[in-house]
Amino acid sequence: MEWSDEAIVLSVRPLGETSTIVEGLTRNFGRHSGLVRGGVSRRLRGLLQPGNTLRVNWRARLTEHLGSFTVEPHRTRAGDMMDTREALMGLNAFSGVASAVLPDREPHATVFEAGEILLDAIAADSFAHWGPLFVRWETGVLEALGFGLDLTRCAATGTTDDLRYVSPKTGRAVSAAAGAPYHDRLLILPGFLLGSQNAEPAAEEIVAGLRLTGYFLLDRVLRPHDRVLPLARTRLTDLATRESA
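The rules behind the values
Residues numbered from 1 in each chain as written. Predicted model: local features only at pLDDT ≥ 70, side-chain atom pairs only at ≥ 80, totals over all residues. Heavy atoms only, no water. Axes fitted to C-alpha atoms, helices over the stretch in contact; angles between N-to-C directions. Helix = DSSP H or I, 4+ residues; strand = E, 2+ residues; numbered from the N terminus. Parallel < 35°, antiparallel > 145°, perpendicular 65-115°, else oblique. Left-handed = near helix turned anticlockwise from the far one by under 90°. Contact = heavy atoms within 4.5 Å. Pairing = 2+ DSSP bridges. Phe/Tyr/Trp six-rings, centres within 6.5 Å; stacked < 30°, edge-to-face > 60°. Buried < 20%, exposed > 50% of the residue type's maximum accessible area, 1.4 Å probe, protein only. Polar contact = N/O pair within 3.5 Å; in protein donor to acceptor, adjacent residues only side chain to side chain. Core = buried A, V, L, I, M, F, W, Y, C linked by side-chain atoms within 4.5 Å.

### Considering the packing of helix 4 (residues 109-124) against helix 5 (residues 127-144)
Here is step 1 of the chain: The contact between helix 4 and helix 5 brings their axes to 9 Å, and the two run at 165 degrees. By the angle between their directions, the pair helix 4 and helix 5 is classed as roughly antiparallel. Where helix 4 crosses over helix 5, the handedness of that crossing is left-handed. Contacts between helix 4 and helix 5 involve V111, A114, G115, L118, A121 and I122 from the former and H129, W130, L133, F134, W137, G140, V141 and A144 from the latter.

What follows is the structure in structure tokens.
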């Protein structure tokens, strides 16, 4: 068995004295791991960093085997994301969520492609810019996994105007008027998820977005398997909350 693809490095762990096991998010083969022989060498150590995108070739005798990767550089952005604390937190949250919620070896090309855009933004821009992109990436993850949010119209009245909330039970939007009596039981819907803003979203909207997607990732994807939201993802919400204070 053999294939070649692009892969975003999610995690690296040592195996023996010279090799590593690399977990990556590939474009066409989903979240996939493989053995990299000589992965601790000086030549490969700099490439095998979370956040880098590599060209990988995977080989194994059988499909269900771990198999081995050979790797070449494609986009080496990891160093840029280690320059600031907030960028590193964004990288860790991305890797943590991808590892926790994406099924092993199940392809989701759109999640990979949006992840590339997000990581490029984390490497180059401030949290105020990439925070909304992170929320949009997570809405795409939910959609890919079959738990997409319906933000097109109010679940109660059918109106497409003044959508302000999301029902935690249905994942559907709720208008300001329909949600007013129950606002303390609803999740806030940030305007940037509706495409209704031209200006950079306010910090409190990014917080609302992270709480929204975090709730559904936990409730629909992780909790049914007795798992919790990755700590790195929780810390990202904490960062956003501090930024909005």
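### What about the sheet that holds strand 6 (residues 163-166)?
Here is step 1 of the chain: The antiparallel open sheet is built from three strands, whose spatial order is 7-6-8. Unpaired on one side and paired on the other, strand 7 (173-175) and strand 8 (187-188) mark the two borders of the sheet.
Here is step 2 of the chain: Bridging between strand 6 and strand 8 involves two bridges; their strand directions are antiparallel. In the sheet register, V166 faces strand 8, and the bridge partner there is L187.

### Some words on the packing of aromatic side chains
Here is step 1 of the chain: Throughout the structure, instances matching the rule amount to seven aromatic pairs.
Here is step 2 of the chain: A ring pair is formed by F94 and W137, whose centres lie 4.6 Å apart and whose planes are at 40 degrees; its orientation type is tilted. Placement of the pair is F94 in helix 3 (residues 85-101) and W137 in helix 5, with a sequence separation of 43 residues.
Here is step 3 of the chain: On the accessibility criterion, W137 (3% relative accessible area) is buried.
Here is step 4 of the chain: Look at Y215 and F216: their rings are 5.1 Å apart centre to centre, the planes differ by 90 degrees, and that puts the pair in the edge-to-face class.
Here is step 5 of the chain: Owing to a relative accessible area of 30%, Y215 belongs among the partly exposed residues under this scheme.
Here is step 6 of the chain: According to the relative accessible area criterion, F216 is buried, its value standing at 1%.
Here is step 7 of the chain: Among the aromatic residues, those joined into a ring-pair cluster are W3, F29, W58 and F69.

### Here's the deal with unusual backbone geometry
Here is step 1 of the chain: Look at R105: it is not a glycine, yet its phi comes out positive at around 65 degrees.
Here is step 2 of the chain: In this fold, R105 is placed in the loop between helix 3 and helix 4.
Here is step 3 of the chain: On the basis of relative accessible area, R105 is assigned to the partly exposed category, the value being 26%.
Here is step 4 of the chain: Located in the positive-phi region is D226, a residue other than glycine, with phi close to 60 degrees.

### Considerations on the side chain of H32
Here is step 1 of the chain: With respect to the secondary-structure elements, H32 resides in strand 3 (residues 30-36).
Here is step 2 of the chain: A polar side-chain atom of H32 sits 3.3 Å from a polar atom in the side chain of R105.
Here is step 3 of the chain: Setting aside its immediate chain neighbours within four residues, H32 contacts W3, V22, E23, G24, T26, W58, F69, D104 and R105.

### Comments concerning the nonpolar core
Here is step 1 of the chain: Ranked by size, the top nonpolar core spans 55 residues in total, and within it F94, V101, F134 and W137 carry the most contacts.
Here is step 2 of the chain: Of all elements in the fold, only strand 1 (2-15), helix 3, helix 4, helix 5, strand 6, strand 7, helix 7 (203-222) and helix 8 (231-244) reach the threshold of two or more residues within this core.
Here is step 3 of the chain: Leaving out residues up to four positions away in the same chain, V101 has contacts with V141, L145, L217, V221 and L222.
Here is step 4 of the chain: In terms of nonpolar packing, the next biggest core, distinct from the first, is built from 14 residues, V22, L47, V56 and W58 among them.

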